Every structure is written in C-alpha cells, then in structure tokens.
Amino acid sequence: KNNKLGKTFNIQDLIGPILHRYVQLGLTNSDLYKELRTKLQDKNWIEVTQKTLDKVKNGEAIYRVIKEISKSKNDQRVLEMFAEFDVAQRLINTEFFGKFDTLEYLSPSNIKRQPDFLAMNVDATTPVEVKLLTPNDLKEEKFFQKLIDKVRDHALKQLESYYKENKFVTGIIFVWTHKPIDLHNIKYNDLNNWFKKEIPKPDFKVTIVCILSNTGLWDFYL
C-alpha cells in the first residue's frame, strides 16, 4: 500500500522482522511474541492497522523498531510501539482530542529532543508525546510519583525543546499503561491537584491524557 509519502509497505513486512528478531534473541516464549504472531493471522487487525497507518505520514516508522529490540528491552520497546500506534489511532480516527487534517510520526532522533507526533490542521500544529508507564506492582502513591516524573522530567522536556524552535499553543502528552493498577484510594481530583503542585506550568498549554489499563481515560490540563 502507498502512504502519503508514496512509500510501499504492508503490515506483514513490518511485523515479520520484529518476530524474526525475537527468534534470533531466543525470546519465543514471550507473550508479546505470541500475541504478534496471532495478530498476523487476524485479517481484521491487519486491515484496521493498515488503514490507520495509511493516514499517518511516516506511519510505518512506528513499527520499525528492530534495531532497538535487545534481550533486556524487547517487550518494553514493542509495548512502546503499541502505545504509539494506539495514540495514532485515537488522533486520526476520532475528534475527541481535536480535529486534525494531518498526523505525522517523527522517528526517534539521536540529535535532538522532539515529540513523537505532529498533529496539524489549518490553524495550528500540536506536538504530541507518548510515554509508556509500567506499574510493576507499585503502590498507588509510588505509581503516581513515577507518572509525574515521567511527565515532568521526560515528556515535558521533549515538548519544551520543540517549543524553542517551533512555537505552538497547545501540546498533548499521552501516558499509557498496559497493566492494570488498583486505584482505590487516589481519585481524579487528588491526581489533578498533585499535577498542579508538582509540575511547573510551561509557556504553552498542555493536555495530559492518561490511558490507564482497567481505569479508562483521565485527562488533565496544565
């Protein structure tokens, strides 16, 4: 299929090398490896994924991760890939976060800090950063501290770096977890107040979208 850049690719060509890398590293017992193999047998999954990637400029690069897959960072990198694709799907197929005419994926750079996506319409460019947070059985308070550190010390830094060269009005940070975390004692308002207290307000508006497994979607505004 041709995407907006005219490059020809298909999902099998993107997933195949990832599976091969898992085999090379002797990681075929990984649940993610098994899940990817299953997905490749699912025509509906292939069709939905292909349709989404066709709408994203440089979208196929989301799946070009084999150079970053190692014995120690295999599942983590593939989960990050899924998180990025999940966000692309939400931005391009819904208008919940804004109406965008174009979505471009920016491949990771060794030279400068930059966001993962640029979501564009006639009025503005909105940089979008995606972070994956692994709960690792953390207690609630520690989990939320980790979440705040990830936003303040990593995601915001990416957006601030981009802002120096390309002024924008609003940025979006998605924080995605793939494992459930029990949130019995901390409510939305607790976290909202914590964000406001712990994270210095930048020179631009920020929407923080937390997609927490088993909890749903929480959004916050700085």
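Residues numbered from 1 in each chain as written. Predicted model: local features only at pLDDT ≥ 70, side-chain atom pairs only at ≥ 80, totals over all residues. Heavy atoms only, no water.

Draft legend 1. Fine view of the pattern of salt bridges. Across all of its chains, the model carries 11 salt bridges by this definition. In this structure, Lys197 and Glu198 form a salt bridge, with 3.7 Å as the shortest nitrogen-oxygen distance. For Lys197, a relative accessible area of 66% gives the class exposed. Relative accessible area serves as the criterion here: at 24%, Glu198 is assigned to the partly exposed category. (Salt bridge = Lys/Arg side-chain N within 4 Å of Asp/Glu carboxyl O. Buried < 20%, exposed > 50% of the residue type's maximum accessible area, 1.4 Å probe, protein only.)

Draft legend 2. Here's a closer look at the sheet that holds strand 1 (residues 56-57). Ordered by their spatial adjacency, 7 strands build an open sheet running 1-2-3-4-5-6-7, and the pairing between neighbours is mixed. Every other strand in the sheet has two partners, leaving strand 1 and strand 7 (216-221) as the edge strands with one partner each. Taken together, the 4 bridges between strand 3 (residues 117-120) and strand 4 (residues 125-132) define a ladder with antiparallel strand orientation. Bridged to Ala119 within strand 4 is Thr126. (Pairing = 2+ DSSP bridges. Helix = DSSP H or I, 4+ residues; strand = E, 2+ residues; numbered from the N terminus.)

Draft legend 3. Broad picture of the pairing of strand 4. With 7 of its 8 residues buried, strand 4 lies for the most part within the structure. Between strand 3 and strand 4, which pair antiparallel and follow one another directly, the connecting turn spans 4 residues.

Draft legend 4. Spatial organisation of the environment of Leu103. Here Leu103 is to be found in strand 2 (residues 102-105). Exposure remark for Leu103: the relative accessible area of 1% places this residue in the buried category. Apart from residues no more than four positions distant in its own chain, Leu103 is found in contact with Lys55, Val56, Lys57, Ala88, Leu91, Ile92, Phe117, Leu118 and Ala119. (Contact = heavy atoms within 4.5 Å.)

Draft legend 5. Up close: the nonpolar core. Tyr63 and Phe117 are the most contacted members of the largest nonpolar core, which has 45 residues in total. Among the elements that take part in this core, helix 4 (residues 74-93) stands out by supplying 10 residues, more than any other. Once residues within four sequence positions are removed from consideration, Phe117 is found in contact with Val56, Ile62, Glu84, Val87, Ala88, Leu103, Glu104, Tyr105, Thr126, Pro127, Val128 and Val130. Among the nonpolar cores identified, the runner-up in size contains 30 residues, and Leu118, Leu133, Leu191 and Trp194 belong to it. (Core = buried A, V, L, I, M, F, W, Y, C linked by side-chain atoms within 4.5 Å.)

Draft legend 6. Summary view of the packing of helix 1 (residues 11-24) against helix 2 (residues 31-39). One way to put it is that helix 1 packs onto helix 2 with a least axis distance of 10 Å and a crossing angle of 145°. The hand of the helix 1/helix 2 crossing is left-handed. Across from Ile15, Ile18, Leu19, Tyr22 and Val23 in helix 1, the residues of helix 2 making contact are Leu32, Tyr33, Leu36 and Arg37. Tallied by class, the residues present in the contact of helix 1 with helix 2 amount to 8 nonpolar, no polar and 1 charged. (Axes fitted to C-alpha atoms, helices over the stretch in contact; angles between N-to-C directions. Left-handed = near helix turned anticlockwise from the far one by under 90°. Nonpolar A, V, L, I, M, F, W, Y, C, P; charged D, E, K, R; others polar.)

Draft legend 7. Inspection of the packing of aromatic side chains at higher detail. Per the stated rule, a full pass over the model turns up 14 aromatic pairs. Relative to Phe97, the ring of Phe96 lies with its centre 4.9 Å away and its plane at 80°, an arrangement referred to as edge-to-face. Given a relative accessible area of 16%, Phe97 falls into the buried group. Note on Tyr188 and Trp218: the rings are 6.1 Å apart at their centroids and 80° apart in plane angle, and the pair reads as edge-to-face. Placement of the pair is Tyr188 in helix 6 (residues 188-198) and Trp218 in strand 7, with a sequence separation of 30 residues. Overall, the relative accessible area of 30% leaves Tyr188 in the partly exposed class. Across from the ring centre of Tyr163, 4.9 Å away, lies the NZ or CZ of Lys167, which sits over that ring. (Phe/Tyr/Trp six-rings, centres within 6.5 Å; stacked < 30°, edge-to-face > 60°. Lys NZ or Arg CZ within 6 Å of the ring centre and 35° of its normal.)

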